[in-house]
Amino acid sequence: ELMQSDTAAKEVLAFAKNRLNKFYNPKLYKAPPKNELTREGRIEASLSGTEPPTAAPGGIANTGIAALLQLSSDKVAPPPPPESWDAYSKKSGDGNGVIAMIDLLVKDLDKEMTEAEAQEK
């Protein structure tokens, strides 16, 4: 159950990171693969003049990601936030903060998955 939810979360994060790369780092963006038509599909397309319809991606927000399930549990409320933050200062050249945060989340999920595998053994 934990492995499935972590795997689904990693898929969602990878999808979000790719979308962010499309805007912030176009060189790192990976376009979705194009559909290759079979021989019958090419014949049908040439006779009808239109390409055959494709199945909708489905999933969460048409991403193709099957499911992400959140189960309720009796967890303790998080601690209160810190009393004060440092003064705001804009960092130059640090525009990839969100993408770096996604990378950290994926690393945390990987770590959680390896810990769960170690506990099972």
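Use the structure listed above.
About the cut-offs
Residues numbered from 1 in each chain as written. Predicted model: local features only at pLDDT ≥ 70, side-chain atom pairs only at ≥ 80, totals over all residues. Heavy atoms only, no water. Salt bridge = Lys/Arg side-chain N within 4 Å of Asp/Glu carboxyl O. Helix = DSSP H or I, 4+ residues; strand = E, 2+ residues; numbered from the N terminus. Buried < 20%, exposed > 50% of the residue type's maximum accessible area, 1.4 Å probe, protein only. Phe/Tyr/Trp six-rings, centres within 6.5 Å; stacked < 30°, edge-to-face > 60°.

Draft legend 1. Fine view of the pattern of salt bridges. Taken as a whole and judged by the stated rule, the model has two salt bridges. Of the charged contacts in the structure, one is a salt bridge between Lys10 and Asp110, with a shortest N-O distance of 2.4 Å. With Lys10 in helix H1 (residues 2-24) and Asp110 in helix H3 (residues 97-120), the pair connects residues that are 100 residues apart, well separated along the chain. The salt bridge partner of Asp103 is Lys17, with a shortest N-O separation of 2.6 Å. Taken together, the positions of Asp103 in helix H3 and Lys17 in helix H1 put the pair 86 residues apart, joining distant regions of the chain. Owing to a relative accessible area of 25%, Lys17 belongs among the partly exposed residues under this scheme.

Draft legend 2. Focus on the packing of aromatic side chains. The tally for this structure, following the rule as stated, stands at one aromatic pair. Ring geometry for Phe23 and Tyr24: centres 4.9 Å apart, planes at 85°, overall edge-to-face. In this structure Phe23 comes out as exposed when scored by relative accessible area, which is 63%. Residue classification places Tyr24 among the partly exposed residues on the basis of a relative accessible area of 44%.

Just geometry here; none of it tells us what the structure is for.
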